[in-house]
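Analysis of the macromolecular model
Next come the chains, spelled out residue by residue.
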Amino acid sequence: MLEISDLHVSYGQDMVLNGLDLRLSDGESLAVIGESGTGKTTLGLSIMRLTEGKVQGSIRFDEHELLNLSEGEMQAIRWNRVAMVFQNVNNVLNPVHSILEQVAEPMIEHRLRRRGEARTRAGELLEKFGLPRERFSAYPHQLSGGEQQRVLLAMALANDPDLLILDEPLSSLDVTTKEELGDLLRMTDGRHARLVISHDLDTASRLADKLAVLYGGKIVEIGATREILQRPRHPYTRALIRAYPNMTTVKDLQGIKGRMTRPVSGCPFHPRCTQAIDMCSEIIPQLNWSQGRGIACHRGGIATLLSVVNLSKSFGSLKAVDSVNLSIESGETLALVGQSGSGKTTLAKTVIGLYPEFDGIVYLESEEVTSRGKAFYKRVQMIFQNPGESLSHRLSVLESVMEPLEIQSVGNKEQRRGKAIQTIGEVELPQTEDFLDTYPHHLSGGELQRVAIARALVLDPDLLIADEPTSFLDASIGAKILKLLLNLQEHRGLSMLYITHDIAAARKISDRIAVMLDGRIIEEGPSNMIVTAPEQPYTKHLLRSASSLALSGDGALSDSS
Amino acid sequence: MHIDVKKEIKRSNIGRAGLSLLLLVVVIAVLAPLLSSYDPVQQSAGSLLSPSGSHWLGTNHVGQDIWSQLIYGARTSLLVGFSVGIISLLLGILFGVSAALVGGLYDKIVMRIVDALIVIPMVIVVILVAAYIKPDLPVLILLLSVLSWQGGARVIRAQTLSLKESGHVNVSRTFGASRLYVAWRHIIPDLGPILLVEFIYGVRRAVFIEAGLAFLGIGDPMLISWGMMMRDAMSFSYLNVWQWWLVPAGVALSLTIIGLTFVSHAAESVLDPRLRGAEVA
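What counts and what doesn't
Residues numbered from 1 in each chain as written. Chains lettered and ligands numbered in written order. Predicted model: local features only at pLDDT ≥ 70, side-chain atom pairs only at ≥ 80, totals over all residues. Helix = DSSP H or I, 4+ residues; strand = E, 2+ residues; numbered from the N terminus. Buried ≥ 20, exposed ≤ 12 C-beta atoms within 10 Å, placed from the backbone. Contact = placed C-beta atoms within 7 Å. Pairing = 2+ DSSP bridges. Axes fitted to C-alpha atoms, helices over the stretch in contact; angles between N-to-C directions. Core = buried A, V, L, I, M, F, W, Y, C linked by C-beta atoms within 7 Å. Parallel < 35°, antiparallel > 145°, perpendicular 65-115°, else oblique. Left-handed = near helix turned anticlockwise from the far one by under 90°. Nonpolar A, V, L, I, M, F, W, Y, C, P; charged D, E, K, R; others polar. Domains from an automatic or database assignment. Expected span 1.5 Å × (residues − 1). Arc of directions from axis to C-beta.

Next up on the list: the overall build of chain A. Tallying secondary structure elements over chain A gives 21 helices and 22 strands in all. Within chain A, the fraction of its 561 residues that count as buried is 44%. Contacts in chain A between residues far apart in sequence, at least 24 positions, make up 66% of those at least 6 positions apart.

Rendered as structure tokens:
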């Protein structure tokens, strides 16, 4: 019904929409999401032909090419067949007319109904959207924001349009109103096609079956709403979901590094992308479809950074790690949870190459790792359980952090020093000469672990293996280290293999959790699923015995419901 | 693990005594030309003179000044001792560290050689070889070094094996460090106190063996050393010259060795904190 192809919209030099393609069939609901400034609203206005920008490309609505219609022909379609609810509620309603009149007006204006009939239908619509009859004669300024939004929705539906465009319809409403209006809109499903424009993932998931993610004027990912929200494949989509407060995700909120900039050559997201390659800054990626999902990314979406296939490691007759399969995506945290002796550390040390003899295959970005040389260690780094032991007592803070650079012969001495100091700042340690010359035995546990983290990060690795990095620290300092790791992930796009016995900490920092028992991975899945709906008895046991501050053992919270 | 070895040695009485003795011998050896007006090799007066104002310890059977011989003899002892100590320590580090880090067949071969060298009595081998090739000073130093690194190598290997698995050594491997780098930057510095003790052992052994060889008349007869002085003095034991000829050489040798023993004893207590408490008290 609606077919947009190669749509470009620019305001002066500023290209807001940049070759956008979108199709919408009868009765379908599609949400377009993205940060503010990605051109969402411009898209809606362009379909309505209300934008002030320069529009190129094609917007076909049924048999009409909207961009070629005269203003008069457009008038016949606008509000009649295509209706839009605007973002900013306050300015849209006319302050001198009662709301009933305002809802009836488009019907009268388009001569669809006579005045009496129009008023009856307007009353029905308003009632349907939850406004009591006695409020019909109210004026806009007497209504609350939620009530105004109800009026606007009723107005948009007055002429029974074929396409309803909703620009941030529920975003500013409180949650209960949001749910009520969402359900009301859902009841009109199938009667008209719906294009929802929002930055709000919750609105999108309430109102649309399909989801298109817009960034830099292009669609970067499109597919079924549920699937995208559960398993985003484009780095931008994942970042959006990570930044969104909700009750499903258990990981702490993370922002997206950098700010949106325009214009950008190549992929619009590449300056903020954590897995960008050279090609990304040169060539604009096109939407590629597979399995009902379209992704515009040269890397084919979020790439797998490290995978471990059938890895086993024995010490004599003891099988410490038994046929383990794991994969870690770029920019993802995988938590490996299990009690001590379950083989977690052995697995980590095998991957990093401290146990050179093992069975199985390790892939780094689909290339088999055969020998671990400097190239491997430039990309994969590890921080250890006991920072006091992992730092040489004979090296000062600066010398310790510079050591990896020296081994890898990066730059000259001045550059190495500069890089080391910069990284020390990044882990929130002081950069004063005094501190740089301090030896480990004069540092606290938290400072030591930060130095160890700086040392692991100074080579700019892609994967950081963290083996119980907080187990030697008290809770408040441990919490700061976890925050630091999350921030570093946001800024650097680090992938992390986070090893811990503490499932409570794991859920705060990880996207996925793998539970390990006796050298095997017994359960693996998204953190929220593992934490809320574990399948294995051992996982349930871990969750039950995890730290809880509830007073009566099994959780006072659940008792009250 | 942060121990200042120098401070620890200075803190113990025995360590201080040992260091003072050693320092005394070293100063005498270095200042030898200033402390005596006679050339120890040249005949300076009649033979077998008793001590006098000009010849403090008298002269020997060929008229050489015994005091000059005594203080120049310190030079030989220290030169041989410290050279052998350093060279055998370097050999010990080379074989001990490399065996531990490389492992496998190489480790096995090196350790069997070490075992063989430990079993063979070193003094007998040295006497045999020395009697055969009549070594001059550099060859003697080399010979002693080659035959005395095995004990150190074994200790160093054992310690390296345990260090190898420790935190920061492992960590440096995860930056892609080569074995050479790991050995140089992390393992050898961490071996520090052990190396010091092994070095002093080596010096002491070398001083003792050099004196023994000279006493037995093996080695360069032109070289002035305490062992040779004692050997020459023994031939005239029926005269009373032993009082100023034999005894001073023996005492000098004993004091040097005691000094070294004291220092190594103090250094050992650094390695073993259980010994430390008693030392300080």
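Per the secondary structure count, chain B includes 13 helices and zero strands. Projecting the C-alpha coordinates of chain B onto the three principal axes gives extents of approximately 75 × 50 × 30 Å. Pairs at least 24 apart in sequence give 70% of the contacts found in chain B among residues at least 6 apart.

All names here are of chain A. Where strand S13 (residues 304–315) lies against strand S16 (residues 359–364), five bridges are found, and the strand directions are antiparallel. Bridged to leucine 306 within S16 is leucine 364. Direction of pairing for S16 relative to strand S17 (residues 367–368): antiparallel, over a ladder of two bridges. Across the sheet, the residue bridging to leucine 364 is glutamate 367, located in S17. Here S16 folds back onto S17 in antiparallel fashion, the turn holding two residues, of which glutamate 365 has a positive phi close to 50°.

For the rest of this paragraph, the subject is the sheet that holds strand S1 (residues 2–11) of chain A. All names here are of chain A. Strand order across the open sheet formed by four strands is S2-S1-S4-S5, with antiparallel pairing between neighbours. The sheet is open, and its two borders are formed by strand S2 (14–24) and strand S5 (64–65), each paired with just one other strand. Set on the sheet, helix H1 (residues 40–47) makes contact with S1, S2 and strand S4 (54–61); between it and S2 the angle comes to about 65°.

Moving on to the pairing of strand S14 (residues 318–329) of chain A. Residues and elements named next belong to chain A. Two elements, S13 and S14, share eight bridges in a ladder whose sense is antiparallel. What sits directly across from leucine 311, in S14, is valine 324. What sits between S13 and S14 in their antiparallel hairpin is a turn of two residues, with glycine 316 showing a positive phi close to 60°.

A word on unusual backbone geometry. All names here are of chain A. Positioned with a positive phi, aspartate 160 is a non-glycine residue whose angle comes to about 50°. Positionally, aspartate 160 belongs in the loop between helix H5 (145–157) and strand S7 (163–167). For aspartate 160, a count of 15 C-beta atoms within 10 Å translates into the label partly exposed. Unlike most non-glycine residues, glutamine 291 shows phi in positive territory, near 50°. Structurally, glutamine 291 can be placed in the loop between strand S11 (288–290) and strand S12 (293–295). The exposure class assigned to glutamine 291 is exposed, which follows from the 7 C-beta atoms found within 10 Å.

This brings us to the sheet that holds S13 of chain A. Taken together, the four strands give an open sheet; going across it, the order is S14-S13-S16-S17 (chain A), and neighbouring strands pair in antiparallel fashion. Where the open sheet ends on each side, the last strands, each with one partner, are S14 and S17 of chain A.

Moving on, we come to the environment of valine 129 of chain B. Relative to the assigned elements, valine 129 of chain B resides in helix H6 (residues 122–133). C-alpha separation for the pair valine 129 of chain B and leucine 143 of chain B, spaced 14 residues apart in sequence, amounts to 8.6 Å.

Count 3.6 residues to each turn of an α-helix, and residues three or four apart come out pointing the same way. Of all nine residues in helix H10 (residues 344–352) of chain A, nine are buried, a share of seventy percent or more. Along H10 of chain A, the residues classified as buried are Lys344, Thr345, Thr346, Leu347, Ala348, Lys349, Thr350, Val351 and Ile352 of chain A.

Counting 143 residues, the largest nonpolar core has Leu336 and Leu497 of chain A as its most contacted members. Ranked by residue count, the leading element in this core is helix H10 (residues 179–215) of chain B, at 19 residues. Once you skip the residues sitting within four places of it in the chain, leucine 336 of chain A turns out to touch Lys344, Leu347, Leu497, Tyr498, Ile499, Ala514 and Met516 of chain A. Ile47, Leu100, Ala212 and Ala296 of chain A belong to the second-largest nonpolar core, a separate cluster that totals 79 residues.

Another aspect to go through is the packing of helix H5 (residues 104–119) of chain B against helix H8 (residues 150–164) of chain B. Residue and element names in this part refer to chain B. Where H5 meets H8, the axes come as close as 9 Å, and the angle between the chain directions of the two elements is 140°. By the angle between their directions, the pair H5 and H8 is classed as oblique. Between H5 and H8 lies a crossing of left-handed hand. Residue-level contacts link Val114, Leu117 and Ile118 of H5 to Gln150, Gly151, Ala153 and Arg154 of H8.

Turning our eyes to something else, we now look at the interface of chain A and chain B. Think of interface size as the accessible area that goes away when the parts come together; that is how it is often given. Taken residue by residue, the interface counts 20 residues in chain A and 16 residues in chain B. Mapped by element, the contributors of at least two residues to the side of chain A that touches chain B are helix H11 (374–379), strand S18 (380–383), helix H12 (387–390) and helix H13 (397–407) of chain A. With three residues, the top contributor of residues to the side of chain A that touches chain B is H13 of chain A. Here the residues of the side of chain A that touches chain B are counted per class, giving eight nonpolar, eight polar and four charged.

Turning our attention to the domain arrangement of chain A. All names here are of chain A. The domain boundaries assigned to chain A delineate domain 1 (2–81 + 161–295) and domain 2 (304–556). On a C-alpha basis, the centroid separation for the pair domain 1 and domain 2 is 37 Å. On the domain 2 side, the residues contacting the eleven residues of domain 1 number 16 residues. Looking at the side of domain 1 that touches domain 2 residue by residue, the classes come out as two nonpolar, six polar and three charged.

For the rest of this paragraph, the subject is helix H17 (residues 475–492) of chain A. All names here are of chain A. With 18 residues, H17 should cover 26 Å at 1.5 Å per step; its first-to-last C-alpha distance of 25 Å lies within 8% of that length. Looking at H17, one finds that the buried residues are Ile481, Leu485, Leu486 and Gln489. Here the buried residues of H17 occupy an arc of 135° about the axis, which is enough to place them on one side. Among the structural elements, strand S15 (333–337), helix H16 (445–457), strand S19 (463–467), strand S20 (495–500) and helix H18 (503–509) are those in contact with the buried residues of H17. After H17 finishes, the residue glycine 493 shows a positive phi value of roughly 70°.

All names here are of chain A. For the pair H13 and H16, interaxial distance at closest approach is 7 Å and the crossing angle is 30°. Overall, the two elements H13 and H16 adopt an arrangement that is roughly parallel. Read as a crossing pair, H13 and H16 show a hand that is right-handed. For the pair H13 and H16, the contacting residues are Val397, Ser400, Val401, Glu403 and Pro404 in the first and Val451, Ala454 and Arg455 in the second.

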